[in-house]
Amino acid sequence: ATKGTSFNFYYRVPASMAGQSMLITFRAEDQNGMASENFCRIYVNSVNPIHPVPLTETSGHRMYSNLSTNPDSYNLETNTGDFSTVVDTASRDIQDYSGSSLTLSNSWISPAGGKFVKYNGFDYANATDSTTIAAYSSGVKLSVLNSLQVGDIIITKLGSVSTNKYVLMRITDIVDVTGKDNDYYEFSIKK
């Protein structure tokens, strides 16, 4: 009933068409059977391939029980242990979550607001930025990590920064000795 109209039609160009041209034909027909046809040729640019960046590993990082007299939280951006009673919440990317017991809880939280994905099937040795992000995106995000043990692989998205920063960790040792001051987690970091 109108002389003119427009429609948006979204079409995903197949990747196989990169570097080629396509002819797209449009046909419109009104209720009286009047038809019109037109075409448009588009040239498809090739997309630059994404090159995954291998992550760099550092090891020997330690975080102690929150009941000890040693650093009980860890800043994953600066790779430093901190005392939770002294540093700002935003600096505590991971922190021991032991209660009042003298036994290490094997639980972590992120006062900075980060979330954790425990992913023991992840290919830690060959981790890249893109495989880490994909694994984090597909995993179940947890606010509290429980039942930690040696060999666990953990991916976290830092909650303390506005940009998307991901850190990959592997627990290499958990020490829970008599008392509380020498209980700690030791882990490697890839980022």
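Residues numbered from 1 in each chain as written. Predicted model: local features only at pLDDT ≥ 70, side-chain atom pairs only at ≥ 80, totals over all residues. Heavy atoms only, no water.

Asks: Would you mind showing me how to read the overall build of the protein here?
Replies: Looking only at helices and strands, one finds 1 helix and 12 strands in the protein. Going from N to C terminus, the protein has its helices and strands arranged as β-β-β-β-β-β-β-β-α-β-β-β-β. Relative to the globule expectation of 16 Å for 191 residues, the C-alpha radius of gyration of the protein, 26 Å, shows a markedly less compact shape. Evaluated residue by residue, the protein yields a buried proportion of 32% over its 191 residues. A separation threshold of at least 6 residues defines the contact pool for the protein, and within that pool the share at least 24 residues apart is 51%. Summed over its atoms, the accessible surface of the protein is roughly 11800 Å², and 51% of this surface lies on carbon and sulfur atoms. (Helix = DSSP H or I, 4+ residues; strand = E, 2+ residues; numbered from the N terminus. Rg over C-alpha atoms; globule rule 2.2 N^0.38 Å. Buried < 20%, exposed > 50% of the residue type's maximum accessible area, 1.4 Å probe, protein only. Contact = heavy atoms within 4.5 Å. Areas by Shrake-Rupley, 256 points an atom, 1.4 Å probe, with all protein chains shown as cover.)

Asks: What am I meant to see in the environment of S138 here?
Replies: Along the chain, S138 falls in helix 1 (residues 129-138). Spatially, the C-alpha atom of S138 lies 9.1 Å from that of V117, the residues being 21 residues apart in sequence.

Asks: Before we go on, may I ask you to explain the side chain of T156 in this structure?
Replies: Inspection of the secondary structure assignment puts T156 in strand 10 (residues 153-157). For T156, a relative accessible area of 1% puts it in the buried group. Within the structure, T156 has its side chain in polar contact with the backbone oxygen of K115 (distance 2.8 Å). Not counting chain neighbours up to four residues away, the residues in contact with T156 comprise L76, G114, K115, F116, Y136, K165, Y166, V167 and M169. (Polar contact = N/O pair within 3.5 Å; in protein donor to acceptor, adjacent residues only side chain to side chain.)

Asks: Just checking my understanding: could you explain the sheet that holds strand 5 (residues 80-82) for this structure?
Replies: By definition, the strands of a sheet pair up through backbone hydrogen bonds, in either a parallel or an antiparallel sense. A sheet is described by the order of its strands in space; here 5 strands give the open sequence 5-4-6-7-9, paired in antiparallel fashion. Only two strands of the sheet have a single neighbouring strand rather than two, namely strand 5 and strand 9 (144-145). Bridging between strand 4 (residues 73-75) and strand 5 involves 3 bridges; their strand directions are antiparallel. Considered in strand 5, the bridge of Y74 is made with G81. (Pairing = 2+ DSSP bridges.)

Asks: Got a minute to help me understand helix 1 in this structure?
Replies: Note: α-helices contain 3.6 residues per turn, so residues at a spacing of three or four share the same orientation. Looking at helix 1, one finds that the buried residues are T132, A135 and Y136. Seen end-on, helix 1 carries its buried residues on one side only, within an arc spanning 100°. On the buried face of helix 1, the contacting elements are strand 8 (115-118), strand 10 and strand 11 (166-175). (Arc of directions from axis to C-beta.)

Asks: Help me understand the pattern of salt bridges in this model?
Replies: As a working rule, side chains carrying opposite charge can pair if their charged atoms are close by. Counted by the stated rule, this structure contains 6 salt bridges. Here E57 and R170 are joined by a salt bridge, their closest N and O atoms 3.8 Å apart. Placement of the pair is E57 in strand 3 (residues 57-64) and R170 in strand 11, with a sequence separation of 113 residues. Relative accessible area serves as the criterion here: at 30%, R170 is assigned to the partly exposed category. For E77, the salt bridge identified is with K165, shortest N-O distance 2.6 Å. With E77 in the loop between strand 4 and strand 5 and K165 in the loop between strand 10 and strand 11, this pair connects stretches of sequence that are 88 residues apart. A cluster of three or more residues bridged by salt bridges with shared partners is formed by R27, E29 and E37. (Salt bridge = Lys/Arg side-chain N within 4 Å of Asp/Glu carboxyl O.)

Asks: Would you explain the environment of Q95 in this entry?
Replies: Here Q95 is to be found in strand 6 (residues 94-96). Distance from Q95 to T78, taken between C-alpha atoms, is 15 Å for residues 17 residues apart in sequence. The contact partners of Q95, leaving out residues within four places of it in the chain, are M63, D72, S73, S84, S107, W108, I109 and P111. In this structure the side chain of Q95 is engaged in a polar contact, spanning 2.8 Å, whose partner is the side chain of R92.

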